[in-house]
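Per-entry structural report
What follows is the residue order along each chain.
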There are 2 protein chains.
Amino acid sequence: MSAVGSPALPSPHVRAKRRRRRAEILEAALRAFRDQGYHATTLDDIAARVGVRKTALYHYFPDKEAILYACHRESLLEVGRLIEEARRGYGTAAEQLAHVIREHVRLMTDTLQGSPFAFDVGALSPGHERRVIAARDAYERQLRAIIEEGVRRGEFAAVSPKVAVFAILGAINWIARWYRPEGPVGGAELGRQFAEHLVGGLTCRRAR
Amino acid sequence: MSAVGSPALPSPHVRAKRRRRRAEILEAALRAFRDQGYHATTLDDIAARVGVRKTALYHYFPDKEAILYACHRESLLEVGRLIEEARRGYGTAAEQLAHVIREHVRLMTDTLQGSPFAFDVGALSPGHERRVIAARDAYERQLRAIIEEGVRRGEFAAVSPKVAVFAILGAINWIARWYRPEGPVGGAELGRQFAEHLVGGLTCRRAR
DNA sequence: GTGGAATTTGAACGCAGGTTCAAAATCCGA
DNA sequence: TCGGATTTTGAACCTGCGTTCAAATTCCAC
């Protein structure tokens, strides 16, 4: 071990093992919260999905709310990238918006990482709730900016960007409530159909 | 009182009073469930909104789940009428769908009666859950039928009616998560914008 | 006015679930 | 191998909340 009186850092191997366990717990929690809701999900539920007793969870997370917050954080990291990718990869607002929709749907269906966007934030501590809401607001503002640009360029009808974003996010977030990966429609195809429907509702109306 | 041995029916006045109290409890519960979710709402919460102690609620409902189920039933009664009205009042699929969307949005925003559509059904007893799901499925089938007819007539693009209905209901149900009646957009205007966006996304694409 | 019905109340109970704790088991680096 | 670190466990604790109960209060129909 290291010098006397100086606590040793765990080895890289032990740190990696701990990270894997945390990731496993978070994935189990994410699925449980998505299936049943935060309040209806018990620590016993999550622990059972991992294969341990619930008291083991306290070795990795201080409490249940911290698990929920970690799920939110991972989700926000994922969606945070979508806008940058859209801006970099596409020239028109319609293409950018379609990309974000497709990718957001993929997060809801393939990795389920987008599911926390559908979670109520009321179960978070006040500080955590503020942070999650701030990040969600930033994402929504970026979506609104894309729509505003589309309206300005004449690509989109003169809609309220705020209302349009709520409608789009509502359609996407609701996927957590009904989509099952074993169903007949794959995530990519679902994303394509959602993008056509939701972007189409903006682009075509300008012709009237 | 009535004849010995024969329990008296309450008078019309007492029955009316009882109905008003039940309606008051259901409205308070509906708002509390919508604001906080079923599990995070306590009977103390609901009772406080009514102005009684929680034990008084047991005079009108056998338990907490019965209150939730009654909220669902009222909501389903309301939305059940939308399709009939749409079929009677409009000739094209686009007009019918637009009407249902506008009116469903109104239920979400004005009376809040549509909010239970956004609630998870997991908290209901198995029997109640089956009934609520059956009624929701019937509503979704009717929406799909409108869209199928629109596709058949060439009014709508060749979309998957199932996916389109999920997208539409997702956008509408999500209103319970963000809409506040004191905000700048009224329910009627919101309904109009949602109808334009969501129906527009179906009608225009057939031109391509 | 009054007896009975209806409604509400405060107190109490029981239990589920989040959390703590100390001991046991497993892992790991030297 | 082995001592110490890490992880997991079973037991226990505590609290919040749904529910029950008996008594008190209010309402109502005659």
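The structure presented is a predicted model; accordingly, all values stated were derived computationally and were not measured. Within any chain, residue numbers begin from 1 and follow the written order of that chain's sequence. All chains are assigned letters beginning at A, and all ligands numbers beginning at 1, according to the order in which they are written. Under the rules for a predicted model, residues below a pLDDT of 70 receive no local features and side-chain atom pairs below 80 are neither given nor counted, while totals for whole chains, interfaces and linings still include all residues. The side-chain numbers reported here are obtained from all heavy atoms of the structure, hydrogens and water having been left aside.

Residue and element names in this part refer to chain A. On average, chain A scores 92 in pLDDT, and the residues at 70 or more come to 94%. Confidence of the predictor at the level of single residues is captured by pLDDT, which takes values from 0 to 100. A helix here means a DSSP run of H or I that spans at least four residues, while a strand means a run of E at least two residues long, and both kinds are numbered starting from the N terminus. Ranking the elements of chain A by mean pLDDT puts helix α7 (residues 175-178) last with 91 and helix α2 (residues 43-50) first with 97. In this model residues 1-6 is a low-confidence stretch, pLDDT under 50, and it forms three contacts with partners more than four residues away in sequence or in other chains. In this analysis, two residues are considered to be in contact whenever any of their non-hydrogen atoms come within 4.5 Å of each other.

Here we come to the protein's contact with DNA strand C. By nearness alone, 23 residues border DNA strand C, and A:Ser11, A:His13, B:Arg21, B:Arg53 and B:His59 come closest of all. Think of it this way: one heavy atom of a residue within 4 Å of a molecule or strand is enough to make that residue near it. For DNA strand C, the backbone makes up 68% of the atoms found within 4 Å of the protein, where backbone means sugar plus phosphate. One of the side-chain nitrogen or oxygen atoms of B:Arg21 is found 2.5 Å away from a phosphate oxygen of DNA strand C. Listed by contribution, the elements that provide at least two residues to the surface near DNA strand C are α1 (12-36) of chain A together with α1 (12-36) and α3 (54-57) of chain B. Looking at the surface near DNA strand C, the element that brings in the most residues is α1(A), giving three residues. Residues are grouped as follows: Ala, Val, Leu, Ile, Met, Phe, Trp, Tyr, Cys and Pro are nonpolar; Asp, Glu, Lys and Arg are charged; all remaining types, including Gly, are polar. Grouping the constituent residues of the surface near DNA strand C by class yields nine nonpolar, seven polar and seven charged. Polar contact is defined as a pair of N or O atoms within 3.5 Å, subject to the rule that within protein one atom must be able to donate a hydrogen and the other to accept it, and that residues adjacent in sequence are counted only when both atoms are side-chain atoms.

Quick look at the relation of the copies chain B and chain A now. Least-squares fitting of one copy onto the other uses the C-alpha atoms of those residues that reach a pLDDT of at least 70 in both copies. By a simple turn and slide, chain B fits onto chain A: the slide is 0.0 Å along the axis, the RMSD is 0.1 Å, and the turn is 180°. Classification of the inter-copy transformation places it as that of a two-fold axis. Across chain B, the rotation axis passes nearest the C-alpha of B:Gly201, at a separation of 1.7 Å. The overlap is high: 97% of the interface residues of chain B also sit at the interface in chain A, so the same surface is used on both sides.

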